[in-house]
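Each chain is listed here by its residues.
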Amino acid sequence: MGFFKQLKEAWLASVTFDKLDDEFYDQLEEALILADMGVESATDAVAKLRKKVKERLLTRADEVKDALRAILAEKLEVGDAALNLSTTPSIVLFIGVNGVGKTTSIGKLAAQLKAEGKKVLLCAGDTFPGSVLFDALQAAKARGVDVVLCDTAGRLHNKQNLMNELAKLRKIIARECPDSVCETLLVLDATTGQNGLVQARTFKETAGLTGIILTKLDGTAKGGIVVAIAQELQVPVKFVGVGEGINDLKPFDAKEFTADLF
């Protein structure tokens with residue numbers, strides 16, 4: 001997952017690991033906060049690192065980096081990061097605000113699933129024409145479709161009437177495909193930073209999230225938001241979008257992500 005190496009400078013350019021004094025820990029905490037990890041997660045990570053360094057008598061830079069890597073990986077390992085497609089059909093519902101890359105992500109995932117030999121059905125399953133989703137699910141069952149990818153129109157997380165419509169979609173899926181796995185993926189723009197957390201909290205309450213797709217996570221994005229999301233919401237990041245190409249939607253792996261940071 002070498003594309004994460006581009007984030008190295010954005011996270012830790014100002015931090016040197018050769019002198020483990022108070023200034024080092026202050027610099028590290030500031031760097032993690034500036035990388036959009038969030039104050040609570042950054043403070044906790046640095047406190048745990050201090051404790052490990054003291055308990056294990058760590059002195060070398062590589063030892064300290066290994067310890068920090070393990071701490072961040074642990075924060076990221078919540079839930080199952082793999083997409084659950086164990087039923088026929090399996091249903092994946094994509095939600096989020098306008099402009100975050102929902103439809104683009106659906107296209108990329110559809111291409112990947114088709115390349116794996118799966119039969120995929122795309123559904124413009126927005127809330128108001130609930131019959132569109134109903135028809136798509138009926139067609140999926142009749143045609144032996146493996147995966148139904150359901151798009152939804154972008155909606156502001158603070159518009160309660162629109163958020164309530166998402167709950168109706170879930171009811172349609174539960175009624176028509178009660179034995180099917182339904183993944184509900186919130187698509188977030190990494191560049192929105194901490195505002196993404198506000199969105200995620202509200203969508204989780206309404207739609208019951210099973211995972212996050214973090215888009216626009218390229219060399220200029222502040223990738224620490226993945227830690228803040230996983231830590232606070234206990235929802236796994238399942239995919240990251242790292243570019244515009246058809247193959248630029250990547251499965252997220254916490255250990256590889258943290259390994260590439262150091």
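Please refer to the structure higher up on the page.
Quick summary incoming for the structure in this document. On a predicted model such as this, the values are computed, not experimentally measured, just so you know. (Residues numbered from 1 in each chain as written. Predicted model: local features only at pLDDT ≥ 70, side-chain atom pairs only at ≥ 80, totals over all residues. Heavy atoms only, no water.)

Notes on the packing of helix α3 (residues 39-56) against helix α4 (residues 61-76)
For the pair α3 and α4, interaxial distance at closest approach is 10 Å and the crossing angle is 135 degrees. The pairing of α3 with α4 is recorded here as oblique in orientation. Classified by chirality, the crossing of α4 by α3 is right-handed. Mapping the contact onto sequence places Ser41, Asp44, Ala45, Lys48, Leu49, Lys52 and Val53 in α3 and Val64, Ala67, Leu68, Ala70, Ile71, Leu72 and Lys75 in α4. Class assignment for the residues of the contact of α3 with α4 results in nine nonpolar, one polar and four charged. (Axes fitted to C-alpha atoms, helices over the stretch in contact; angles between N-to-C directions. Helix = DSSP H or I, 4+ residues; strand = E, 2+ residues; numbered from the N terminus. Parallel < 35°, antiparallel > 145°, perpendicular 65-115°, else oblique. Left-handed = near helix turned anticlockwise from the far one by under 90°. Contact = heavy atoms within 4.5 Å. Nonpolar A, V, L, I, M, F, W, Y, C, P; charged D, E, K, R; others polar.)

Some words on the pairing of strand β4 (residues 182-189)
Summarising burial for β4: eight of the eight residues are buried, a large majority. Residues Cys182, Thr184, Leu186 and Leu188 line one face of β4 and the alternating positions Glu183, Leu185, Val187 and Asp189 line the opposite face, and both faces are buried. Pairing of strand β1 (residues 90-95) with β4, which is carried by five bridges, proceeds in the parallel orientation. If you follow Phe94 over to β4, its bridge partner there is Leu185. Sheet topology note: the β4/strand β5 (residues 211-215) ladder contains five bridges and is parallel. Looking at the pairing, Val187 lines up with Ile213 of β5. (Buried < 20%, exposed > 50% of the residue type's maximum accessible area, 1.4 Å probe, protein only. Pairing = 2+ DSSP bridges.)

Re α4
Given a rise of 1.5 Å per residue, 16 residues ought to cover 22 Å, and the 23 Å separating the end C-alpha atoms of α4 matches this to within 8%. Those residues of α4 that fall on the buried side of the exposure criterion are Val64, Ala67, Leu68, Ile71, Leu72, Ala73, Lys75 and Leu76. (Expected span 1.5 Å × (residues − 1).)

Remarks on the packing of aromatic side chains
In this structure the tally under the stated criterion is two aromatic pairs. Members of the aromatic cluster, connected to one another through ring pairs, are Phe17, Phe24 and Tyr25. (Phe/Tyr/Trp six-rings, centres within 6.5 Å; stacked < 30°, edge-to-face > 60°.)

Examining the sheet that holds strand β2 (residues 120-123)
Strand order in the open sheet made by the seven strands is β2-β3-β1-β4-β5-β6-β7, with mixed pairing throughout. Each having just a single partner strand, β2 and β7 (249-251) make up the two edges of the open sheet. The sheet shows a mean angle of 25 degrees between the axes of neighbouring strands, direction not considered. Pairing of β1 with strand β3 (residues 147-150), which is carried by four bridges, proceeds in the parallel orientation. Along β3, the bridge assignment pairs Ile91 with Val148.

Some remarks on the state of the cysteines
Two cysteines joined by a covalent bond between their sulfur atoms form a disulfide. In this structure the tally under the stated criterion is zero disulfides. The closest cysteine sulfur to the non-disulfide-bonded Cys150 is located on Cys123, 4.5 Å from its own sulfur. (Disulfide = S-S within 2.5 Å.)

Notes on the pattern of salt bridges
Per the counting criterion, the structure on display carries 12 salt bridges. Between Lys48 and Asp44 there is a salt bridge, with its nearest N and O atoms 3.3 Å apart. Of this pair, Lys48 and Asp44 both sit in helix α3, separated by four residues, roughly a single helical turn. Among the residues examined, Asp44 registers a relative accessible area of 27% and is labelled partly exposed. Here Arg60 ties to Glu63 by a salt bridge, and the two come within 3.2 Å at their closest N and O atoms. You can call Glu63 partly exposed: its relative accessible area is 23%. Counted as one network, the salt bridges with shared partners bring together Asp44, Lys48 and Lys75. (Salt bridge = Lys/Arg side-chain N within 4 Å of Asp/Glu carboxyl O.)

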